[in-house]
Every structure is written in structure tokens, then in C-alpha cells.
Amino acid sequence: MLPFSVTPQFMAETARLAESRDVRLHTHLAEDRDELTYCRQVYGMTPVEYFEDAGWLHDRSWVAHFIFPSAPEESRMAAAGVGVAHCPSSNMLIGGGTADVQRLRRLGAPVGLGCDGSASTDHGSLWLEARAALTLGRYRGGSTAMTARDVLAMATQGGAACLGWADETGHLRPGACADLVIWTGSPVALAGALTDPVEAWLRCGPMTADTTIVAGRVVVRDGRIQDPGLDAVLAAHAAQARRIQKVSLR
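Quick notes on the rules
- Residues numbered from 1 in each chain as written.
- Predicted model: local features only at pLDDT ≥ 70, side-chain atom pairs only at ≥ 80, totals over all residues.
- Heavy atoms only, no water.
- Helix = DSSP H or I, 4+ residues; strand = E, 2+ residues; numbered from the N terminus.
- Rg over C-alpha atoms; globule rule 2.2 N^0.38 Å.
- Buried < 20%, exposed > 50% of the residue type's maximum accessible area, 1.4 Å probe, protein only.
- Pairing = 2+ DSSP bridges.
- Arc of directions from axis to C-beta.
- Contact = heavy atoms within 4.5 Å.
- Phe/Tyr/Trp six-rings, centres within 6.5 Å; stacked < 30°, edge-to-face > 60°.
- Core = buried A, V, L, I, M, F, W, Y, C linked by side-chain atoms within 4.5 Å.
- Axes fitted to C-alpha atoms, helices over the stretch in contact; angles between N-to-C directions.
- Salt bridge = Lys/Arg side-chain N within 4 Å of Asp/Glu carboxyl O.

Caption draft 1: The arrangement of the overall build of the chain in detail. When you go through the chain residue by residue, the secondary structure sums to 11 helices and 8 strands. For the chain, whose C-alpha radius of gyration is 20 Å, the value lies close to the compact-globule estimate of 18 Å for 250 residues. Dimensions of the chain, computed from C-alpha atoms along their principal axes, come out at roughly 55 × 55 × 40 Å. The 250 residues of the chain split such that 37% are buried.

Written as C-alpha cells, this is what we have:
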């Protein structure tokens, strides 16, 4: 998280370097109440104020979580064009709250979806994250607070905007990147889903990515990753996981 792991000087120098190279900035922000307490005690300001003081408050930045800002801070971040990665599964597993993503979207902030890391989600399924965004949004605000199309917009156009790729991906139009995912669900799960395929996509799961195309290259076919080095990567990952968790094969 932003205030705990690096110095203010590092943050400011990173912002200057990013501006000189015209690249984007990313950090976690306002993720929990401890962060708010820490920033006030150490820096005499809130996390958002610290973020702004470090030179990060602009439309080349995007942040994860953003659960505990004040209403004026939400407005200020949105006005500056700062993007937000909504990570509902991580938020629920940790039990630390969740961002008011619909308010942020109404204010004009780019809002996408993120899986967070393996320490707090243990999966990499953006479909599962999208379904969690739908159910959590309705739990938070009522049955009409979040629609399947709201979630689809976050998963596509919102995520592209966070990354600065709104002209290139997140939509299917001439001139866009050839990025496409084809989802499949079982006939039993989809039985009776006749009137709204977008709603059915999220409500009648689980869905699996049958085909994934990135920049015109098929990276998943028939549900299988098309990378001959995958087994070696998984073996190396398993070895590191055993080391970190102190698990022996004996």
C-alpha cells in the first residue's frame, strides 16, 4: 500500500519519472482504516491528500480498492480522471469494506475490475470478479443498484480507460485491438435464460473462457492455455509456493 512501503520522496520521484516518460502510475489507495490513521499520524494528511501531494492526482494514475475516501475526495479524484480498480472478491475475503463504485462512475471516474493478488483472492477469473461485483453491488445498494450491463461496462470499457487504452480496447469497433473472449456455460446452467444474455452471463454461471484472443493471437482454445511453457511455469510456481509455505514433498 502507498503510505507504508515507500517514502514520500520515492513517490514524488516516481511521479516525475512517469510524467517524463508518459507512462501510467498505479498503487493501492484508501484500502483500510489503518491507512487513514497512519497517514494522519505520520504525514498529517489523509491518504488522498498524500497521493495528491506526491504528484499523483491526474488522469495517468489508477488505484486499487479506494474504499475509505471522503465524499469530497471521491469528487476530486473523479474530476482529475484518476481510475479505480474495483476488487470485490478481495474486499469480501478480507472483510475490509468495498468502494462505492456506482457513485464513482456517476462522478465520471474510470472504474474497472481487478482480481487483486493470490494472497487475497487465490483466483484469476475476471468472470468470477464480475459476478462478485454484481452481487456485492446489489447487496450494498439494493436489487436495482447494479445491473449486469454496469458490470460489463466496468469489465471492458472501464478497465481500458484505467489503463489509458480506451481508444484501443474494451470495445469491438474497426481499428480496435483484436481482443476477444468467448464464454461458454453448461446447458443446465443456461436453461431458461432466454430474454437477456448479458444478465444470464453473470447469473447462470459458472462460465469458462472457451476462446481468448489477444491482439489477434489465440491464447486460449477449447478452454486450454496455448502456451507450451505452461507446465514448466506451473512446476516452478509450485516449488516457490512450497518454499514460501514451508511444505515438504516428503
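Caption draft 2: Quick look at the sheet that holds strand β6 (residues 208–214). A sheet is described by the order of its strands in space; here 4 strands give the open sequence β5-β6-β7-β8, paired in antiparallel fashion. The open sheet has two edge strands with one neighbour each: β5 (180–184) and β8 (224–225). Judged from the 3 bridges that link them, β6 and strand β7 (residues 217–221) form a sheet pairing that is antiparallel. Of the residues in β7, the one forming a bridge with I213 is V218.

Caption draft 3: Region of the structure containing helix α5 (residues 71–80). Within the span of α5, buried status applies to E73, E74, M77 and A78. For α5, the angular spread of buried residues about the axis comes to 130 degrees, placing them on one side. The outward face of α5, more than 90 degrees from its buried face, is lined by the exposed residues P72 and A79. The elements touched by buried residues of α5 are β1 (25–29), α4 (47–53), β2 (61–65) and α7 (101–106). The first or second residue beyond α5 is G81, which carries a positive phi of 85 degrees.

Caption draft 4: Local environment of the packing of aromatic side chains. Per the counting criterion, the structure on display carries 5 aromatic pairs. Each member of the aromatic cluster is reached from another via a ring pair, and the members are F4, Y38, Y43 and Y50.

Caption draft 5: Here's a closer look at the nonpolar core. L29, F51, V63, F66, M77, V151 and L202 are the most contacted members of the largest nonpolar core, which totals 37 residues. Ranked by residues supplied to this core, first place goes to helix α8 (residues 126–141) with 4 residues.

Caption draft 6: Region of the structure containing the sheet that holds strand β4 (residues 111–113). Reading across the sheet, the 4 strands line up as β1-β2-β3-β4 and stay open at both edges, with parallel pairing between neighbours. Edge positions in the sheet fall to β1 and β4, since each has one partner strand and no second. Neighbour-to-neighbour, the strand axes of this sheet turn through a mean angle of 30 degrees, independent of strand direction. Strand direction decides the pairing type here: strand β3 (residues 83–86) and β4, joined by 3 bridges, are parallel. Across the sheet, the residue bridging to H86 is L113, located in β4.

Caption draft 7: Examining the pattern of salt bridges more closely. Across all of its chains, the model carries 7 salt bridges by this definition. One salt bridge connects E52 with R76, and the closest N-O pair in it is separated by 3.1 Å. Placement of the pair is E52 in helix α4 and R76 in helix α5, with a sequence separation of 24 residues. Given a relative accessible area of 35%, E52 falls into the partly exposed group. We classify R76 as partly exposed; its relative accessible area is 29%. As a salt-bridge pair, E74 and R103 come within 2.4 Å of each other at their nearest N and O atoms. Taken together, the residues span a long stretch of sequence, with E74 in helix α5 and R103 in helix α7 at a distance of 29 residues. Exposure remark for E74: the relative accessible area of 9% places this residue in the buried category. A relative accessible area of 24% means that R103 is categorised as partly exposed. If you follow the salt bridges from partner to partner, you end up with R138, E199 and R203 in one network.

Caption draft 8: Representation of unusual backbone geometry in the model. P206 follows G205 through a cis peptide bond whose omega is 10 degrees. Mapped onto the elements of the fold, P206 is located in the loop between α10 (197–203) and β6. Although it is not a glycine, F66 adopts a positive phi angle of roughly 55 degrees. Positive phi values are uncommon outside glycine, yet D222 reaches one of about 55 degrees. Looking at where D222 falls in the secondary structure, it is placed in the loop between β7 and β8.

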